[in-house]
Amino acid sequence: MGAQEQGAEATSGRWLVMPRTLVFVLHDDAVLMMKRAPHRRVFPNQYNGLGGHLERGESPAAGALREVREESGLKVNSLRLRSIHNIDTGAQTGILLFVYTAISAGRAVRCDGDEGKLEWIPRERLGALDLVDDLPGLLPRLLTMRNDDPPLNVHVSYDETDRVVMRYDDEA
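The rules behind the values
Residues numbered from 1 in each chain as written. Predicted model: local features only at pLDDT ≥ 70, side-chain atom pairs only at ≥ 80, totals over all residues. Heavy atoms only, no water. Helix = DSSP H or I, 4+ residues; strand = E, 2+ residues; numbered from the N terminus. Rg over C-alpha atoms; globule rule 2.2 N^0.38 Å. Buried < 20%, exposed > 50% of the residue type's maximum accessible area, 1.4 Å probe, protein only. Contact = heavy atoms within 4.5 Å. Areas by Shrake-Rupley, 256 points an atom, 1.4 Å probe, with all protein chains shown as cover. Salt bridge = Lys/Arg side-chain N within 4 Å of Asp/Glu carboxyl O. Phe/Tyr/Trp six-rings, centres within 6.5 Å; stacked < 30°, edge-to-face > 60°. Lys NZ or Arg CZ within 6 Å of the ring centre and 35° of its normal. Core = buried A, V, L, I, M, F, W, Y, C linked by side-chain atoms within 4.5 Å. Pairing = 2+ DSSP bridges. Expected span 1.5 Å × (residues − 1). Arc of directions from axis to C-beta.

> Where do I start with the overall build of the protein chain in this structure?
A count of helical and extended segments in the protein chain gives two helices and nine strands. Of the regular secondary structure in the protein chain, the N- to C-terminal order runs β-β-β-β-α-β-β-β-α-β-β. For 172 residues, the compact-globule estimate of 2.2 N^0.38 gives 16 Å, and the protein chain sits close to it at 17 Å. Once the C-alpha set of the protein chain is aligned to its principal axes, its extents read approximately 45 × 40 × 40 Å. Counting all 172 residues of the protein chain, 37% fall into the buried class. Of all intrachain contacts in the protein chain linking residues separated by at least 6 positions in sequence, the fraction that spans at least 24 positions is 66%. Counting every atom, the protein chain has about 10100 Å² of accessible surface; 49% of that belongs to carbon and sulfur.

> Honestly, the pattern of salt bridges in this entry has me stumped. Any pointers?
Proximity of charged atoms lets side chains of opposite charge pair with each other. Applying the stated criterion across every chain yields a total of nine salt bridges. Between Glu67 and Arg66 there is a salt bridge whose closest N-O contact spans 3.1 Å. With a closest N to O distance of 3.0 Å, Asp149 and Arg146 form a salt bridge. Look at Asp149 and you get partly exposed, because its relative accessible area is 21%. The network of salt bridges with common partners includes Glu55, Glu58, Arg66, Glu67 and Glu70.

> Could you clarify how one ought to interpret the packing of aromatic side chains in this entry?
One pair of aromatic rings is described through two measures. These are the centre distance and the angle between the planes. According to the stated counting rule, one finds zero aromatic pairs in the structure shown. Over the ring of Tyr168 we find Arg141, and its NZ or CZ is 4.1 Å from the ring centre.

> Honestly, the nonpolar core in this entry has me stumped. Any pointers?
Nonpolar side chains tend toward joint burial in soluble globular proteins. Counting 26 residues, the largest nonpolar core has Phe24, Met33, Leu126, Leu135 and Leu139 as the members making the most contacts within it. Residue assignment for this core shows that the elements contributing at least two residues are strand S1 (16-27), strand S2 (30-36), strand S6 (93-103), helix H2 (135-143), strand S8 (152-158) and strand S9 (164-168). Broken down by element, the residue count for this core peaks at five residues, all from H2.

> Honestly, the pairing of S6 in this entry has me stumped. Any pointers?
Consecutive residues of a regular strand have side chains that alternate between opposite faces of the sheet. Of all the eleven residues making up S6, eight are buried; the element is thus mostly covered by neighbouring parts of the structure. Where S1 meets S6, eleven bridges bridge the pair, whose relative direction is parallel. In the strand pairing of S6, Phe24 is matched with Thr101. For strand S5 (residues 77-87) and S6, the ladder comprises eight bridges, and the chain directions are antiparallel. Opposite Leu81, over in S6, you have Tyr100 as the bridge partner. Counted between consecutive antiparallel strands, the loop separating S5 from S6 contains five residues, among which Gly90 sits at a positive phi close to 90 degrees.

> I would appreciate a short explanation of helix H1 (residues 60-72) in the present structure.
Helix length check: H1, at 13 residues, gives a terminal C-alpha distance of 18 Å against a target of 18 Å (1.5 Å per residue), a fit within 8%. Of the positions making up H1, those classed as buried are Gly63, Ala64, Arg66, Glu67, Val68, Glu71 and Ser72. Contact partners of the buried residues in H1: S1, S2, strand S4 (50-53), S5, S6 and strand S7 (116-122). Positive backbone phi, approximately 80 degrees, marks Gly73, located one or two places after H1.

> Before we go on, may I ask you to explain H2 in this structure?
Each full turn of the α-helix corresponds to 3.6 residues, which orients residues three or four apart in the same direction. Of the positions making up H2, those classed as buried are Leu135, Leu138, Leu139, Leu142 and Leu143. All buried residues of H2 lie within an arc of 115 degrees about the axis, which places them on one face of the element.

> What is the right way to read the environment of Glu124 from this model?
Position of Glu124 relative to the elements: it lies in the loop between S7 and H2. With relative accessibility at 63%, the residue Glu124 sits in the exposed group. Put simply, Glu124 and Asp29 are 95 residues apart on the chain and 8.6 Å apart in space, counted from C-alpha to C-alpha.

What follows is the structure in structure tokens.
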């Protein structure tokens, strides 16, 4: 089947998504988190992992590794896909988020961008942070997954009060 036979141009009436990655880098008992800068449009002053949009021509894993390098300077190993999120914000276009964990051999990070401040947070302190809305429910699951566990499949939406609603396929 050739490129023209894939049906990619048949977008009328279809749900379209932007692909993004999110990575939680681990070292010993700590997780590398970014406190987003106050001037950022998305998640200002909140803690999240590292990540961003996929670029044309790269796989989700390659995009995740690129984002970690760009945002922290770290070269990580043991990259594992932990969950895939179909995020419906009510807009015409949604987000398809590939969430990974990875291991870092050290904690020396570089943060020369305006994205936010990087911090190594002990796992037991994660719950005390102002985390992005979906992380309090997601992080405990991700951080206890075994290496051979299959990725979680999650549908994310928002209720009438704009609160995040997460449906995990394994809870159906």
